[in-house]
Amino acid sequence: TVKRKDLQLIIVSAAFIAAKFEEIDPPDVRDFVFITKQACVKEELLAMEVNMLTALEFCLCRPTSAHFLERYQRANSSSDEHCQLMHYLLELALMDVGMARYPPSLQAAAA
């Protein structure tokens, strides 16, 4: 089981990692310590960040079917209408749970 303090530390560390990944000017680590009302200290937060990134093998983003689709469109010199149709088909695939078993490259190729 996860203790409440550890759960809060995990959540705040995940938010810290996400902010550093997404934001141009991310908040400082002190801001994340502040929102926990000092339940977590800076060193714990930074140690958990290292643990989480190590567990993820520093792989924070995976290629999606949209990445593959862009490549296929450039290679095929697709028209605008064709590109829009392929994007629409991929969006339909996102809503179908059964399509999750296929890798993104295959979904893009099928579109």
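Visitor: Run through the side chain of serine 78, naming residues and quoting values.
Guide: Examined against the element boundaries, serine 78 turns out to sit in the loop between helix 4 (65–76) and helix 5 (80–95). A distance of 3.3 Å separates polar atoms of two side chains, one belonging to serine 78 and the other to histidine 82. The contacts of serine 78, once residues within four sequence positions are left out, are Gln73, Cys83 and Met86.

Visitor: Hey, could you go over the packing of aromatic side chains for me, with residue numbers and the actual values?
Guide: Here the structure, examined in full by the defined rule, presents 2 aromatic pairs. When the centroid spacing of 6.5 Å and the interplanar angle of 35° are considered together, the rings of phenylalanine 68 and tyrosine 72 count as tilted. Of this pair, phenylalanine 68 and tyrosine 72 are both found in helix 4, 4 residues apart, which corresponds to roughly one turn of the helix. A relative accessible area of 23% places phenylalanine 68 in the partly exposed class.

Visitor: Explain the pattern of salt bridges to me, using residue names and the numbers behind them.
Guide: The final tally for this structure, using the stated rule, is 2 salt bridges. Taking the shortest distance from any N to any O, the salt bridge between glutamate 49 and lysine 20 comes out at 2.7 Å. With glutamate 49 in helix 3 (residues 42–55) and lysine 20 in helix 1 (residues 4–22), this pair connects stretches of sequence that are 29 residues apart. Here arginine 30 makes a salt bridge to aspartate 28, at a shortest N to O gap of 2.6 Å. Using a relative accessible area of 34% as the deciding quantity, one classes aspartate 28 as partly exposed.

Visitor: Account for the nonpolar core, naming residues and giving values.
Guide: By size, the foremost hydrophobic cluster in this structure holds 10 residues: Leu9, Val12, Phe16, Ala19, Val29, Phe32, Val33, Cys40, Leu45 and Met48. Mapped by element, the contributors of at least two residues to this core are helix 1, helix 2 (29–35) and helix 3. When residues of this core are assigned to their parent elements, the largest contribution, 4 residues, is made by helix 1. When neighbours within four sequence positions are excluded, leucine 45 is seen to be in contact with Leu9, Val12, Ser13, Val29, Phe32 and Val33.

Visitor: Got a sec to walk through a nonpolar patch on the surface? Specific residues and values, please.
Guide: Taken together, the side chains of Leu85, Tyr88, Leu89, Leu92, Leu94 and Met95 define a hydrophobic patch exposed on the protein surface, amounting to about 640 Å² of accessible area. Turning to its location among the elements, tyrosine 88 is positioned in helix 5. The class for tyrosine 88 is partly exposed, based on a relative accessible area of 49%.

Visitor: Explain the side chain of glutamine 73 residue by residue, including any values.
Guide: Looking at the secondary structure, you find glutamine 73 in helix 4. Setting aside its immediate chain neighbours within four residues, glutamine 73 contacts Ser78, Cys83, Met86 and His87.

Thresholds applied
- Residues numbered from 1 in each chain as written.
- Predicted model: local features only at pLDDT ≥ 70, side-chain atom pairs only at ≥ 80, totals over all residues.
- Heavy atoms only, no water.
- Helix = DSSP H or I, 4+ residues; strand = E, 2+ residues; numbered from the N terminus.
- Polar contact = N/O pair within 3.5 Å; in protein donor to acceptor, adjacent residues only side chain to side chain.
- Contact = heavy atoms within 4.5 Å.
- Phe/Tyr/Trp six-rings, centres within 6.5 Å; stacked < 30°, edge-to-face > 60°.
- Buried < 20%, exposed > 50% of the residue type's maximum accessible area, 1.4 Å probe, protein only.
- Salt bridge = Lys/Arg side-chain N within 4 Å of Asp/Glu carboxyl O.
- Core = buried A, V, L, I, M, F, W, Y, C linked by side-chain atoms within 4.5 Å.
- Patch = residues over 30% accessible without salt bridge, like charges linked within 9 Å, V, L, I, M, F, W, Y side chains within 5 Å.
- Areas by Shrake-Rupley, 256 points an atom, 1.4 Å probe, with all protein chains shown as cover.

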